[in-house]
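So the chains spell out like this:
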Amino acid sequence: MAVKPESHGLGFGNGSLIDHHDGSIEYRQTGKLLPALRVVVADIDGFSVRRVTRDDKKRLNASSLQQVLTLQGSGTTLAEVAVNHGTSEKIEEWVRAHPDFGSRASASAAPAASSSLADELLKLASLRDAGVLTAAEFDAQKAKLLG
């Protein structure tokens, strides 16, 4: 028998996450019937948040009072969604606590032996400077590299 999806409210005005127990989750915005995004948790290896642009207003139906949350995996964008301020942190916290989060990253091989520690740190710094990684994500990855 199939397991019923489990809804996790993120607080007033923040919507909810639905865990489908097949490794995927979806995010539903408050008052919306259709999911704004659906992703496999194990595919997610990064998060970023930025201000709404003119393009986001058209593409994501975002308002100026929102932010855009991007879920990243394997060097690509898995999903983007317009969220209220504070919601991105709640989504990130919930996903990071999910048992499947990071399972693909830990299963993948370590960086190639030909790349030095300095090269890896430079790559991380450039991702941080480009806005792909937050300062906290950069610090966490740096600490992981340095052991």
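Up top is the structure these notes are about.
This write-up is about the structure you can find in this document. Here the structure is a predicted model, which means the values were calculated and not measured.

**With respect to the overall build of the chain**
Step number 1: The helix and strand tally for the chain stands at five helices and seven strands.
Step number 2: Along the chain, helices (α) and strands (β) appear in the sequence β-β-β-β-β-α-β-β-α-α-α-α when read from the amino end.
Step number 3: Summarising its shape, the C-alpha atoms of the chain cover approximately 50 × 45 × 20 Å along the three principal directions.
Step number 4: Expressed as a percentage of its 147 residues, the buried residues of the chain come to 33%.
Step number 5: Counting contacts in the chain only where the partners sit at least 6 residues apart, residues at least 24 apart contribute 38% of the total.
Step number 6: Total accessible area on the chain stands at roughly 9,100 Å², and carbon and sulfur atoms take up 55% of it.
Step number 7: Considering the chain, the positive charge centre built from 17 side chains and the negative charge centre built from 18 side chains are found 7 Å apart.

**Looking at the pairing of strand β2 (residues 16-19)**
Step number 1: Residues Ser16 and Ile18 line one face of β2 and the alternating positions Leu17 and Asp19 line the opposite face, and both faces are buried.
Step number 2: Pairing of strand β1 (residues 6-9) with β2 involves four bridges; the strand directions are antiparallel. Its bridge partner lying in β2, Glu6 is registered against Asp19.
Step number 3: Taking the residues that link successive antiparallel strands as the turn, the β1-β2 hairpin has six residues, and the phi of Gly11 there is positive, at about 105°.

**A look at the nonpolar core**
General note: in soluble globular proteins, nonpolar side chains tend to be found buried as a group.
Step number 1: Formed by 18 residues in total, the largest nonpolar core has its most connected members in Tyr27, Ile91 and Val95.
Step number 2: Of all the secondary structure elements, the ones that give two or more residues to this core are β3 (24-28), β4 (37-40), β6 (66-73), β7 (76-84) and α2 (87-97).

**Considerations on the environment of Ser64**
Step number 1: Within the element layout of this structure, Ser64 appears in the loop between α1 (54-59) and β6.
Step number 2: Judged by its relative accessible area of 55%, Ser64 is exposed.
Step number 3: Sequence separation of Ser64 and Arg54 is ten residues, and the distance between their C-alpha atoms is 8.9 Å.
Step number 4: Separated by 2.8 Å, the side chains of Ser64 and Lys57 make a polar contact.

**Things to note about the side chain of Asp56**
Step number 1: Here Asp56 shows up in helix α1.
Step number 2: Setting aside chain neighbours within four positions, we find Asp56 in contact with Arg50, Arg51, Asn61, Ala62 and Val68.

**Considerations on the packing of helix α4 (residues 117-129) against helix α5 (residues 135-146)**
Step number 1: Here α4 crosses α5 at 175°, and the two axes come no closer than 10 Å. One element, α4, and the other, α5, form an angle in the roughly antiparallel class. Here Leu117, Glu120, Leu121, Leu124, Ala125 and Arg128 of α4 come into contact with α5, specifically with Phe138, Gln141, Lys142, Leu145 and Leu146.
Step number 2: Of the residues contributing to the contact of α4 with α5, the split by class is seven nonpolar, one polar and three charged.

**Regarding the pattern of salt bridges**
Step number 1: A complete count under the given rule lists twelve salt bridges for this structure.
Step number 2: Across the pair Arg50 and Asp56 runs a salt bridge whose closest N-O atoms are separated by 2.5 Å.
Step number 3: With its nearest N and O atoms 2.8 Å apart, the salt bridge here joins Arg59 to Asp56. Of the two residues, Arg59 and Asp56 are both situated in helix α1; the distance of three residues between them amounts to about one turn of the helix.
Step number 4: Taking the relative accessible area as the measure of exposure, Arg59 reaches 43% and is therefore partly exposed.
Step number 5: Under the relative-accessibility criterion, Asp56 is labelled buried at 0%.
Step number 6: Counted as one network, the salt bridges with shared partners bring together Arg50, Asp55, Asp56, Arg59 and Glu80.

Basis of the calculations
- Residues numbered from 1 in each chain as written.
- Predicted model: local features only at pLDDT ≥ 70, side-chain atom pairs only at ≥ 80, totals over all residues.
- Heavy atoms only, no water.
- Helix = DSSP H or I, 4+ residues; strand = E, 2+ residues; numbered from the N terminus.
- Buried < 20%, exposed > 50% of the residue type's maximum accessible area, 1.4 Å probe, protein only.
- Contact = heavy atoms within 4.5 Å.
- Areas by Shrake-Rupley, 256 points an atom, 1.4 Å probe, with all protein chains shown as cover.
- Lys, Arg positive; Asp, Glu negative; His and termini not counted.
- Charge placed at Lys NZ, Arg CZ, Asp CG, Glu CD.
- Pairing = 2+ DSSP bridges.
- Core = buried A, V, L, I, M, F, W, Y, C linked by side-chain atoms within 4.5 Å.
- Polar contact = N/O pair within 3.5 Å; in protein donor to acceptor, adjacent residues only side chain to side chain.
- Axes fitted to C-alpha atoms, helices over the stretch in contact; angles between N-to-C directions.
- Parallel < 35°, antiparallel > 145°, perpendicular 65-115°, else oblique.
- Nonpolar A, V, L, I, M, F, W, Y, C, P; charged D, E, K, R; others polar.
- Salt bridge = Lys/Arg side-chain N within 4 Å of Asp/Glu carboxyl O.

From the geometry alone we can't say anything about function, so treat these as descriptive.
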